[in-house]
Amino acid sequence: METWKRNLYVVWVAELLAIAGFSVAFPFLPYYVQELGVTRPGKWRCGRDHHCAQAVTMAVFSPIWGSVADRYGRKLMIERATFGGAVVLTAMGFVQNVWQLAALRLFREC
């Protein structure tokens, strides 16, 4: 098998597992926010602003990580993103309030 095909398969499986793993946790965030003490969910709805903040964070950091990937390799960036995401997701389990959770959600996009 050619090297590029093997790399493509490995990257595809790694991304599939990472996306599936992260996607499983996020539907439970509203319940977690209630456990953190938010009793009036309507007050804390982010709506478009929430998605905008993540999009802005991604727009700022994507060129930075792209240039690092060009310099040091894409495999290293996939590893960084996967393990960094796992660390941030684990840290979300230890937050004490909603603001820390929101900060980690933004940090996850970096």
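Refer to the structure printed above.
Overview of the structure. Being a predicted model, the structure only gives us computed values, none of them experimental.

Conventions and cut-offs
- Residues numbered from 1 in each chain as written.
- Predicted model: local features only at pLDDT ≥ 70, side-chain atom pairs only at ≥ 80, totals over all residues.
- Heavy atoms only, no water.
- Salt bridge = Lys/Arg side-chain N within 4 Å of Asp/Glu carboxyl O.
- Buried < 20%, exposed > 50% of the residue type's maximum accessible area, 1.4 Å probe, protein only.
- Helix = DSSP H or I, 4+ residues; strand = E, 2+ residues; numbered from the N terminus.
- Expected span 1.5 Å × (residues − 1).
- Arc of directions from axis to C-beta.
- Contact = heavy atoms within 4.5 Å.
- Core = buried A, V, L, I, M, F, W, Y, C linked by side-chain atoms within 4.5 Å.
- Phe/Tyr/Trp six-rings, centres within 6.5 Å; stacked < 30°, edge-to-face > 60°.
- Lys NZ or Arg CZ within 6 Å of the ring centre and 35° of its normal.

## Side note on the pattern of salt bridges
So, step 1. The full count for this structure, using the stated rule, is one salt bridge.
So, step 2. Residue Arg-74 is joined to Asp-70 by a salt bridge in which the shortest nitrogen-to-oxygen separation is 3.0 Å. This pair shows no difference in class: Arg-74 is exposed, exactly as Asp-70 is.

## Things to note about helix 5 (residues 74-92)
So, step 1. Look at helix 5: 27 Å from first C-alpha to last across 19 residues, which is about the 27 Å you get at 1.5 Å a residue.
So, step 2. Listed as buried for helix 5 are Met-77, Gly-85, Val-88 and Met-92. Taken down its axis, helix 5 places every buried residue within 70° of arc, on the same side. Residues of helix 5 that are exposed and point more than 90 degrees away from the buried face comprise Lys-75, Phe-83 and Val-87.

## So, the environment of Glu-79
So, step 1. Tracing the backbone through its elements, the reader meets Glu-79 in helix 5.
So, step 2. A C-alpha to C-alpha distance of 9.9 Å links Glu-79 and Glu-15, two positions 64 residues apart in sequence.

## Observations regarding the side chain of Thr-57
So, step 1. Tracing the backbone through its elements, the reader meets Thr-57 in helix 4 (residues 48-72).
So, step 2. When its relative accessible area of 13% is taken as the criterion, Thr-57 is described as buried.
So, step 3. Those residues in contact with Thr-57 that sit more than four places away from it in its chain are Leu-106, Glu-109 and Cys-110.

## Re the nonpolar core
So, step 1. Grouped together as the largest cluster of nonpolar side chains are 13 residues, with contacts concentrated most on Met-92 and Leu-101.
So, step 2. Those elements that provide at least two residues to this core are helix 1 (3-25), helix 2 (29-35), helix 5 and helix 6 (98-108).
So, step 3. If one sorts the elements of this core by residue count, helix 6 sits on top with three residues.

## Observations concerning the packing of aromatic side chains
The geometry of an aromatic ring pair is captured by two quantities: the separation of the ring centres and the angle between the planes.
So, step 1. Applying the stated criterion to the full structure yields zero aromatic pairs.
So, step 2. Against the face of Trp-65 rests Arg-80, its NZ or CZ located 3.6 Å from the ring centre.

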